[in-house]
Amino acid sequence: MDKITTSILNKKWFYRFHLPGGQVTDCYMDDDVVKVHDTRIQMLDSIIEPRFKGKLSQATAVDLACHEGYFGCHLAAKGVDVTGLEARQEHVDDANLIAEGLNLSDKFKAQQADVHDVTAEQYGQFDIVLMLGLIYHLENPVGAIRTAYELTKDVCLIETQVAPNLSGQLDWGNYEFVKPMMGSFAIIDETEELHGPEMSTTGICLAPSIEALVWIMQAVGFNDVSIIEPPADAYEQHRFKKRVMAVGYR
């Protein structure tokens, strides 16, 4: 084996990468949880394949919080030019290593950047914007969704854990003046888990309800926002709408 393949196989990964030589990376996730990645891929492809049919090799994408590069490399393997942006340098290094091992270095490149520091002026716009498994680890998910909108030239996919919704009327300064609640957020504490490679970088996390996610995407400018229907054999959280993937168009 070459040095790159050896380096890849000598460590454990969050994902199961299938290498060109037939080897599969050692994954530290439980078998029943790994299915979440398969479901995300199926939902992603259900939008991207028909929309860019025959034109993926001409498309560009950005993978916000690209982690180890799993989804970015999936698009790169289809011919898309992909930029991966990731807050943690160790994930950037892993993503670039796996891209090299998959012979995708010419199509996928990761670099360190926090989503809240990313601007369209700096990075430009992309045909496809991915934001998978990110916003429920953030204390400013609305700002991150605004960033995704600014970067989107055509289509954006946002996948997230979701919280129960709270609806109804809310007194807004006076009992005679009320406003409808458009959705809700749950506050999740990850302050003791900042060391975790998949956890928040600040510890304060806001998980949206499905209604909140859709409304916010529409409010920042996305058109035709909808929740993608999961496949019949989807990961349990997607089947029971505890996680969702939303799609919006520019």
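The coordinates are above.
Reference entry: report on the structure contained in this document. On a predicted model such as this, the values are computed, not experimentally measured, just so you know.

### Focus: the overall build of the protein
Phase 1 of the analysis: Helix and strand content of the protein: eight helices and 13 strands.
Phase 2 of the analysis: Computed over the C-alpha atoms, the radius of gyration of the protein is 19 Å, within 12% of the 18 Å expected from 2.2 N^0.38 for a compact globule of 250 residues.
Phase 3 of the analysis: In terms of its C-alpha atoms, the protein occupies a principal-axis envelope of roughly 75 × 40 × 40 Å.
Phase 4 of the analysis: Expressed as a percentage of the 250 residues in the protein, the buried residues total 50%.
Phase 5 of the analysis: The long-range fraction of contacts in the protein, counting pairs at least 24 apart against all pairs at least 6 apart in sequence, stands at 66%.
Phase 6 of the analysis: Just so you have it, the protein exposes about 12,100 Å², and 50% of that area is on carbon and sulfur atoms.
Phase 7 of the analysis: On the protein, the mean spot of the 21 positive side-chain charges and the mean spot of the 37 negative ones are 6 Å from each other.

### Brief notes about helix α7 (residues 210–220)
Phase 1 of the analysis: Looking only at α7, the buried set comprises A212, L213, V214, I216, M217 and V220.
Phase 2 of the analysis: Along its buried surface, α7 packs onto α6 (141–151), β7 (152–161), β10 (185–189), β11 (204–208), β12 (223–227) and β13 (243–249).
Phase 3 of the analysis: After α7 finishes, the residue G221 shows a positive phi value of roughly 130 degrees.

### Notes on the packing of aromatic side chains
Phase 1 of the analysis: Tallied over the full model, the rule gives nine aromatic pairs.
Phase 2 of the analysis: Centroid distance F14 to Y28: 5.9 Å. Interplanar angle 55 degrees. Geometry classified as tilted. Note that F14 is positioned in the loop between β1 (12–13) and β2 (26–27) and Y28 in the loop between β2 and α2 (31–51), a separation of 14 residues in sequence.
Phase 3 of the analysis: For the pair Y15 and Y70, a centre-to-centre distance of 4.6 Å together with 5 degrees between the ring planes defines the contact as stacked. Of the two residues, Y15 is situated in the loop between β1 and β2 and Y70 in helix α3 (residues 70–76); the sequence distance between them amounts to 55 residues. With respect to class, Y15 is no different from Y70; both count as buried.
Phase 4 of the analysis: Each member of the aromatic cluster is reached from another via a ring pair, and the members are W13, F14, Y15, F17, Y28, Y70 and F71.

### A short note on unusual backbone geometry
Most peptide bonds take the trans form, and the phi angle of most residues other than glycine is negative.
Phase 1 of the analysis: Here the phi dihedral of N103 falls at roughly 60 degrees; this positive angle occurs in a residue that is not glycine.
Phase 2 of the analysis: Looking at the element boundaries, N103 is found in the loop between α4 (89–101) and β5 (108–112).
Phase 3 of the analysis: The phi dihedral of D224 is positive, around 50 degrees, even though this residue is not glycine.
Phase 4 of the analysis: Tracing the sequence through the fold places D224 in strand β12.
Phase 5 of the analysis: We classify D224 as exposed; its relative accessible area is 62%.

### Some words on the nonpolar core
Phase 1 of the analysis: By size, the foremost hydrophobic cluster in this structure holds 44 residues, and its most contacted members are I48, L75, F108, I128 and L157.
Phase 2 of the analysis: Breaking this core down by element, the ones donating at least two residues are α2, α3, α4, β5, β6 (126–132), β7 and β13.
Phase 3 of the analysis: The element that contributes the greatest number of residues to this core is α2, accounting for six residues.
Phase 4 of the analysis: Within the second largest apolar cluster, 31 residues are counted, among which are M131, I135, L213 and V214.

### Some words on the pairing of strand β9 (residues 177–180)
Phase 1 of the analysis: Relative to β9, strand β8 (residues 169–174) is paired through four bridges, and the arrangement is antiparallel. By the bridge assignment for β9, Q169 is matched with P180.
Phase 2 of the analysis: Remark: two residues form the turn of the hairpin made by β8 and β9, two consecutive strands paired antiparallel.

Cut-offs and rules
- Residues numbered from 1 in each chain as written.
- Predicted model: local features only at pLDDT ≥ 70, side-chain atom pairs only at ≥ 80, totals over all residues.
- Heavy atoms only, no water.
- Helix = DSSP H or I, 4+ residues; strand = E, 2+ residues; numbered from the N terminus.
- Rg over C-alpha atoms; globule rule 2.2 N^0.38 Å.
- Buried < 20%, exposed > 50% of the residue type's maximum accessible area, 1.4 Å probe, protein only.
- Contact = heavy atoms within 4.5 Å.
- Areas by Shrake-Rupley, 256 points an atom, 1.4 Å probe, with all protein chains shown as cover.
- Lys, Arg positive; Asp, Glu negative; His and termini not counted.
- Charge placed at Lys NZ, Arg CZ, Asp CG, Glu CD.
- Phe/Tyr/Trp six-rings, centres within 6.5 Å; stacked < 30°, edge-to-face > 60°.
- Core = buried A, V, L, I, M, F, W, Y, C linked by side-chain atoms within 4.5 Å.
- Pairing = 2+ DSSP bridges.

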